[in-house]
Amino acid sequence: MTKGRSSANPAAMSIERLSDLTNAKATPCVVLKVGSSLLCGEDGQPKRDWLATLAEEIADLHKSGQQIVVVSSGAIALGAAKLGLAKGGRGSLADAQAAAAVGQIALAGLWSELLAAHGLTAAQLLLTLEDLEDRRRYLNAAATLGRLLGAGAVPVINENDSVATAEIRFGDNDRLAARVAQAAQAQGVLLLSDVDGLYDRDPRDNDARLLPRIEEVTEAVHAMANSASASGLGSGGMISKLQAAEIATRAGITLAIINGTHPAPLSRAFEANLGTLFMPTRRDRGRKAWLGGRQRLRGALTVDAGCARALLKGGSLLASGITDVEGEFSRGDPVAVIDAVGKPVAQGLAEYDAGEVERIKGRRSDEHATLLGYAPRSAVIHRDQMVLL
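Since the structure is predicted, the reported quantities are computational estimates derived from the model, not experimental observations.

**Student:** I'd like to hear about the overall build of the protein, residue by residue, with values.
**Tutor:** Across its full length, the protein holds 14 helices and 13 strands. Since a compact globule built from 389 residues should have a radius of gyration of about 21 Å, the 22 Å found for the protein is in line with a globular shape. Its C-alpha atoms give the protein principal-axis dimensions of roughly 70 × 55 × 45 Å. For the protein, the residues scored as buried account for 51% of the 389 residues in total. Counting 43 positive and 44 negative side-chain charges, the protein places the averaged centre of each group 5 Å from the other.

And the structure:
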């Protein structure tokens, strides 16, 4: 017998507290991200006792009816220890790729063993940025996740660091977890950190205050972030976690940051309601959610104030409101839309290539046929192919 998939519709129960992320009715599917600094010691060896307890906590959530996806770092650290590579395997791209190739086997085996101790079947998926940026590949990944979750397995996902280069990698697993949550149609994301959550200033400051709930990730919230990582093993920091929160919450997914450095970290956080909860800002689904989570944009279109206001009211992007064109992009490529002061307004798929937009920018629709030499399209970016930021 297989379990049914979690619904793509908003959960019947709303998520108001951190502990609601353990409620199968409110959160049928949750993504749990574990970083390198939590999984491995400074010597690159796995923290088996800590991981065994975490696996038991995952099993408890699974038994309660939740579908669990694990996004796990650690391959580079584990592989570097086995190969004796300096700087934790991050001295060069070649070292990192070699370490990942060796360490991923160890990482997958570790999760498989520890989850099997509780009767759970682990499945491994290795993804690159392109796997989730390309629409067809994204849908393929989503279908695989759906089938695994429906069969009762626990997908364990990592970035494919053995082949990824700077141009095609996330760079941290926080944003990967948020994108995976979209593909898995999850309702919640749990990011395990080395602090209790987001503080209003550097948490090492005695006056720092933990923020239990964030309604929207604003510029003021970003200003509170600290990019430092305590151990040096990880590639993410609070900045990447806030970026992940933006991706998740725009898609209607609740994201939480909790402290993973303690024994039984999930139980500690949920019982004490200790962490930071980022609330969904809207309910983008399907293609809109995929668009909103894209990170590689091919260009940017600057618009005037009137055009920016029209977009915020739900309009399509017309050429008459465009004042500047940046980048080399083709029809169908994702581009950013920014206002006159450089603030992001939206992003979407262009209906023209960069050269064509350059020719028609600032011009009325009735001039486009003459300027382009063919019948123009209705918009530079149609509202159905655009998400507001």
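On we go from here.
**Student:** I'd love a proper account of the pattern of salt bridges, names of residues and values included.
**Tutor:** Inspection of the entire model under this criterion finds 17 salt bridges. The salt bridge partner of Asp174 is Lys33, with a shortest N-O separation of 3.1 Å. Of this pair, Asp174 sits in helix α7 (residues 173-183) while Lys33 is found in strand β1 (residues 29-34), placing the two residues 141 residues apart along the sequence. Take Asp174 and Lys33: they sit in the same class, and that class is buried. Residues Arg179 and Glu133 are paired through a salt bridge, measuring 3.3 Å at the closest nitrogen-oxygen approach. Within this pair, whereas Arg179 is found in helix α7, its partner Glu133 is found in helix α5 (residues 129-133), the two being separated by 46 residues in sequence. Owing to a relative accessible area of 1%, Glu133 belongs among the buried residues under this scheme.

**Student:** Summarise helix α6 (residues 135-150); cite the residues concerned and give the values.
**Tutor:** For α6, with 16 residues, the first-to-last C-alpha span of 22 Å sits near the 22 Å given by 1.5 Å per residue. Taken residue by residue, α6 has Tyr138, Ala141, Ala142, Leu145, Gly146, Leu149 and Gly150 as its buried positions. Projected down its long axis, α6 shows its buried positions confined to an angular sector of 160°, all on one face. Among the exposed residues of α6, those pointing more than 90 degrees away from its buried face are Arg136 and Arg147. Looking one or two residues past α6, Gly152 carries a phi angle of roughly 90°, positive in sign.

**Student:** For the pairing of β1, give the residues involved together with the corresponding values.
**Tutor:** Summarising burial for β1: six of the six residues are buried, a large majority. Both faces of β1 are covered, namely the face carrying Cys29, Val31 and Lys33 and the face carrying Val30, Leu32 and Val34. One ladder, built from six bridges, connects β1 with strand β2 (residues 67-72); its direction is parallel. Of the residues in β2, the one forming a bridge with Lys33 is Val71. Pairing geometry for β1 and strand β5 (residues 188-193), over four bridges, is parallel. Residue Lys33 lies in a different strand from β5, and its bridge partner there is Leu191.

**Student:** Account for the nonpolar core, with residues named and values stated.
**Tutor:** Val31, Ile157, Val180, Leu255 and Phe278 are the most contacted members of the largest nonpolar core, which totals 49 residues. Not counting chain neighbours up to four residues away, the residues in contact with Val31 comprise Val69, Val71, Ala177, Val180, Ala181, Ala186, Gly188, Val189 and Leu190. Listed in part, the 39 residues of the second largest apolar core include Leu38, Leu78, Leu120 and Leu190.

**Student:** An account of empty space enclosed by the protein is requested, with residue identities and associated values reported.
**Tutor:** By the definition in use, this model includes one cavity of 30 Å³ or more. Estimates place the volume of the largest cavity at around 50 Å³. Considering the residues around the largest cavity, the lining is formed by Leu318, Ala319, Tyr352, Ile360, Ser365, His368, Arg377, Ser378, Ala379 and Val380. Looking at the lining of the largest cavity, its residues break down into six nonpolar, three polar and one charged.

**Student:** How would you explain unusual backbone geometry if you had to name every residue and give the values?
**Tutor:** Positive phi is not limited to glycine here, since Ala264 has a value of about 50°. Summarising the element assignment, Ala264 is placed in the loop between β7 (254-259) and α10 (265-272). Given the relative accessible area of 23%, Ala264 is considered partly exposed. Although it is not a glycine, Asn273 adopts a positive phi angle of roughly 55°. Mapped onto the fold, Asn273 is located in the loop between α10 and β8 (276-278).

**Student:** Give a detailed account of the packing of α7 against helix α9 (residues 238-250), specifying residues and quantitative values.
**Tutor:** As a packed pair, α7 and α9 sit with axes 7 Å apart at the nearest point and diverge in direction by 15°. What the angle tells us is that α7 and α9 run roughly parallel. In this structure, α7 meets α9 at a crossing whose hand is right-handed. Between α7 and α9, the contacting residues are Asp174, Arg175, Ala178, Arg179 and Gln182 on the first element and Ser240, Lys241, Gln243, Ala244, Ile247 and Ala248 on the second. A class-by-class count of the residues in the contact of α7 with α9 yields four nonpolar, three polar and four charged.

**Student:** Requested: an account of the packing of aromatic side chains, with residues and values cited.
**Tutor:** According to the stated counting rule, one finds zero aromatic pairs in the structure shown. The aromatic ring of Tyr352 is capped on one face by Arg377, whose charged end is 5.2 Å from the ring centroid.

Thresholds applied
Here the residue numbers are simple positions, counted from 1 along each chain's written sequence. Given that the model is predicted, a residue must reach a pLDDT of at least 70 before its local features are reported, and side-chain atom pairs must reach 80 or more before they are shown or counted; all residues, however, enter totals for whole chains, interfaces and linings. Excluded from the side-chain calculations are hydrogens and water; all other atoms, namely the structure's heavy atoms, are used. Elements are defined by DSSP. Helices are runs of H or I of four residues or more, strands are runs of E of two residues or more, and each kind is numbered from the N terminus. For this measure, only C-alpha atoms enter the radius of gyration; the expected value for a globule follows 2.2 Å times N^0.38, where N is the number of residues. Residue exposure (1.4 Å probe, protein chains only): buried if accessible area is under 20% of the type maximum, exposed if over 50%, otherwise partly exposed. Residues counted as positive are Lys and Arg, residues counted as negative are Asp and Glu, and His and the chain ends are not counted. Just so you know, the charge point we use is NZ for Lys, CZ for Arg, CG for Asp and CD for Glu. Think of a salt bridge as a Lys or Arg side-chain nitrogen and an Asp or Glu carboxyl oxygen that are within 4 Å of each other. Take the residue count of a helix, subtract one, and multiply by 1.5 Å to get its expected span. Directions from the helix axis toward the C-beta atoms define the arc. Paired strands are those between which DSSP finds at least two bridges. For this analysis, a nonpolar core means a set of buried residues of the types Ala, Val, Leu, Ile, Met, Phe, Trp, Tyr and Cys, connected via side-chain atoms within 4.5 Å. Residues count as neighbours in contact if any of their non-hydrogen atoms are within 4.5 Å of one another. Points on a 1 Å grid over protein atoms alone make up a cavity when a 1.4 Å probe fits among them but cannot get out, and a pocket when they form an open set with protein on both sides within 12 Å along at least five of seven lines; lining residues each have an atom within 4 Å of a point. Grid points are joined across faces, edges and corners, and a volume is the space filled by probe spheres set on the points. Each residue receives one of three labels: charged for Asp, Glu, Lys and Arg, nonpolar for Ala, Val, Leu, Ile, Met, Phe, Trp, Tyr, Cys and Pro, and polar for the others, Gly being one of them. To define axes, lines are fitted to C-alpha atoms, for helices over the stretch in contact only, and angles between the resulting N-to-C directions are given on a 0 to 180 degree scale. Convention used here: angles under 35 degrees read as roughly parallel, angles over 145 as roughly antiparallel, angles from 65 to 115 as roughly perpendicular, and any remaining angle as oblique. Definitions for this section: a left-handed crossing has its near helix turned counterclockwise from the far helix by less than a right angle. A right-handed crossing has that turn clockwise. Note on aromatic contacts: the rings of Phe and Tyr and the six-membered ring of Trp form a pair at centre separations within 6.5 Å, being stacked when their planes are under 30 degrees apart, edge-to-face when over 60 apart, and tilted otherwise. The criterion for a charge sitting over a ring is simple: Lys NZ or Arg CZ within 6 Å of the ring centre, and within 35 degrees of the ring normal.

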